[in-house]
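Architecture at a glance
Below are the chains, spelled out letter by letter.
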Amino acid sequence: MQDLSRRSLLLGGMAVVGTGALTACSNPSGPAPSRFAIPARLQPLAGQRVVEHRLTARATSLDLGGTTVDTWAFGDTAPGPLIRATAGDLVRIRLDNQLPTDTSVHWHGIALRNVADGVPGLTQDPIPAGSSYLYEFTAPDPGTYFYHPHVGVQLDRGLYAPLIVDDPQEPGDYDLEWVVVLDDWVDGTGRTPDDVLAEMAGAAGDGSGPMGGMDMGHMSMGGTPPFGDAGDVDYPHYLINGRVPTAPDVLHAKPGQRVRLRIINAGSDTIFTVALGGHDLTVTHTDGFAVQPRAAGAFYIGMGERYDATVTLADGVFPLVAAPYGKQGQAMALIRTGAGVAPDPVVRPAELDGPVLEGADLQPSEASRLPAREPDSTELVHLSGQMMPYRWAINGAPFGQNEPLLIDEGDRVRLHLMNMTGMTHPMHVHGHTFALPSGLRKDTVLVKPMSSLAVDLQADNPGAWMTHCHNIYHAEAGMMIALNYRP
């Protein structure tokens, strides 16, 4: 059990019935009949710029900084290639699948057309090995996004990369911009993400599964505030921009330069606490939307969340650290603006021990607010689950057995997120953003243990959309539900 965090037997108020959840996103054996028509091609409007890329998903070996792993990636790097567009551009991306199994690409946080959302079984057929698929969409809102598969636990390999949509109206009052991608890593270290899922799924709690024989006296019931038990997997490596702390990514600048950081948590099971030694960061955006600027020595970032921050750099060498919440180890990059000795890979910036900003405490900028309106309907999203056996659910059943949420186009819909477990869940809604009670706009939000949160979305993007926990293991074990527009 050394690779699994020690946690409670039962996290939710109800056990999840059935076993379909563990295969809800997995690939069926053999070819399946097509359920979805090939999407209609989009033609550029007069004067519309077209951004085109070709991605190749394939098995490869990566050097994480002295540690070589066999994994899957987009090309030969993790993170994969940065895709950049400007709001209003037509984006065309063809994926060549050279993996040994089906895959897809989900454009996380983008309110795009439904047929391009990349969820097999809901918006498209899976992309078989040896074939290709064309994704086309108009880039709507500017912001920091990323892309990854929506098949099984493939996100916990090297299949992720940043997607930046620029704002043509933004003044750009900074000297440099750095994209910082955080990740938790297990693939190719003697285990794969599928092995991890199978091990947790086989932990029956009676000594018969791969986790049998655990000392239950070491299990905790609630974890520590504010997030309780924040993850299921203790990873051997935590990365920033694909590098381990002993061979970190080095970001170069000059003293006094103002830098914009675009920070993406592409991890599958880890909330991070981010801090830059010797500096305060000014958070300016969350999930693409502007907030009232807020200075912080450190802030939390959940799986699937993105935060933009600015900082004016001092003279020297400074650690940019992402500490995994409730786990051992850390991710680290170096920022070098002058002479100096690099800090130790296990250095702990003092900012991590001070006040830590929670994203939900941010206030939106006036331009980012969802216009005030009473909800036309309210939908309950009840989160429950357990560790042994490993089952997670929404509204009393795993995905594939729960009933879709049904909404009407044009409505203001309130989603009542009710978390009846001892874990924090990063809840993500596809194809939309939602507003917290403060008016803060997001597409992924941390819902704390034994708590509820009401979020409002405008039903302005018809289709069938996934809503799920962005802990990829929870999602694959059932914590997903469809959000469907009525015809």
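Calculation criteria
Residues numbered from 1 in each chain as written. Predicted model: local features only at pLDDT ≥ 70, side-chain atom pairs only at ≥ 80, totals over all residues. Heavy atoms only, no water. pLDDT = per-residue confidence, 0-100. Contact = heavy atoms within 4.5 Å. Buried < 20%, exposed > 50% of the residue type's maximum accessible area, 1.4 Å probe, protein only. Helix = DSSP H or I, 4+ residues; strand = E, 2+ residues; numbered from the N terminus. Arc of directions from axis to C-beta. Pairing = 2+ DSSP bridges. Phe/Tyr/Trp six-rings, centres within 6.5 Å; stacked < 30°, edge-to-face > 60°. Polar contact = N/O pair within 3.5 Å; in protein donor to acceptor, adjacent residues only side chain to side chain. Axes fitted to C-alpha atoms, helices over the stretch in contact; angles between N-to-C directions. Salt bridge = Lys/Arg side-chain N within 4 Å of Asp/Glu carboxyl O. Core = buried A, V, L, I, M, F, W, Y, C linked by side-chain atoms within 4.5 Å.

1. Topic: the confidence of the model for the protein chain
Per-residue confidence for the protein chain gives a mean pLDDT of 90, with 89% of residues at or over 70. Ignoring residues within four places in sequence, the model shows residues 204-222, a span with pLDDT below 50, making 35 contacts including any to other chains.

2. As for helix α1 (residues 193-201)
Each turn of an α-helix holds 3.6 residues, which means side chains three or four residues apart point in the same direction. Burial in α1 covers these residues: Pro 193, Val 196, Leu 197, Glu 199 and Met 200. Buried positions in α1, seen along its axis, are confined to an arc of 160 degrees and lie on one side of it. Buried residues in α1 make contact with α2 (472-476).

3. Observations concerning the sheet that holds strand β11 (residues 250-252)
The strand order across the open sheet built from six strands is β11-β19-β18-β13-β16-β20, with neighbouring strands paired in mixed fashion. Every other strand in the sheet has two partners, leaving β11 and β20 (356-357) as the edge strands with one partner each.

4. A look at the packing of aromatic side chains
All told, the structure shown has twelve aromatic pairs when counted by the stated rule. Seen in terms of ring centroids, Trp 107 and Tyr 135 are 5.5 Å apart; in terms of plane orientation they differ by 75 degrees. Their pairing is edge-to-face. In this pair, Trp 107 sits in strand β5 (residues 106-108) while Tyr 135 sits in strand β6 (residues 132-138), placing the two residues 28 residues apart along the sequence. Residue Trp 107 is classed as buried on the basis of its relative accessible area, which comes to 0%.

5. A look at the side chain of Asp 89
Mapped onto the elements, Asp 89 comes out in the loop between β3 (83-86) and β4 (90-98). A polar contact of 2.8 Å, which involves the side chain of Asp 89, links it to the backbone nitrogen of Thr 86. Excluding residues that lie within four positions of it along the chain, Asp 89 makes contacts with Gln 48, Arg 49, Val 51, Phe 137, Thr 138 and Ala 139.

6. Brief notes about the sheet that holds strand β9 (residues 176-185)
Taken in spatial order, the six strands make up an open sheet running β10-β9-β12-β17-β14-β15, and their pairing is mixed. The open sheet has two free edges, formed respectively by β10 (237-240) and β15 (289-296), since each of these has just one partner strand. On average, adjacent strands in this sheet sit at an angle of 20 degrees to one another, irrespective of strand direction. Where strand β14 (residues 281-286) and strand β17 (residues 306-312) come together, four bridges link them in antiparallel fashion. By the bridge assignment for β17, Val 283 is matched with Ala 309.

7. Section: the environment of Tyr 238
Turning to its location among the elements, Tyr 238 is positioned in strand β10. Separated by 55 residues in sequence, Tyr 238 and Asp 183 have C-alpha atoms that sit 5.8 Å apart. A distance of 3.2 Å separates the side chain of Tyr 238 from the backbone nitrogen of Tyr 235, its partner in a polar contact.

8. A word on the pattern of salt bridges
Within this structure, the stated rule accounts for 27 salt bridges. Note that Asp 166 and Arg 262 form a salt bridge whose closest N and O atoms lie 3.8 Å from each other. One end of the pair, Asp 166, is in strand β8 (residues 161-166); the other, Arg 262, is in strand β12 (residues 258-265), with 96 residues separating them in the sequence. Take Asp 166: its relative accessible area is 21%, and that puts it in the partly exposed class. Looking at Arg 262, the relative accessible area reads 2%, which means it is buried. Via salt bridges that share partners, Arg 84, Asp 166, Glu 170, Glu 177, Arg 260, Arg 262 and Asp 308 belong to a single interconnected network.

9. Structural notes on the nonpolar core
Trp 107, Tyr 147, Leu 182, Phe 299, Leu 415 and Tyr 473 are the most contacted members of the largest nonpolar core, which totals 114 residues. Considering each element in turn, this core owes the most residues, six residues, to β9.

10. What about unusual backbone geometry?
Following Pro 225, the chain continues to Pro 226 via a peptide bond in cis, the omega torsion being 0 degrees. Mapped onto the elements of the fold, Pro 226 is located in the loop between α1 and β10. Of the consecutive residues Met 388 and Pro 389, the connecting peptide bond is found in the cis state with omega at -5 degrees. On the secondary structure map, Pro 389 appears in the loop between β21 (377-386) and β22 (391-394). The phi dihedral of Asn 241 falls on the positive side, at around 50 degrees, and the residue is not glycine. Positionally, Asn 241 belongs in the loop between β10 and β11. Given the relative accessible area of 16%, Asn 241 is considered buried.

11. Comments concerning the pairing of strand β2 (residues 68-74)
Of all seven residues in β2, five are buried, a share of seventy percent or more. For strand β1 (residues 50-63) and β2, the ladder comprises seven bridges, and the chain directions are antiparallel. The residue bridging Ala 57 from the neighbouring strand is Phe 74, located in β2.

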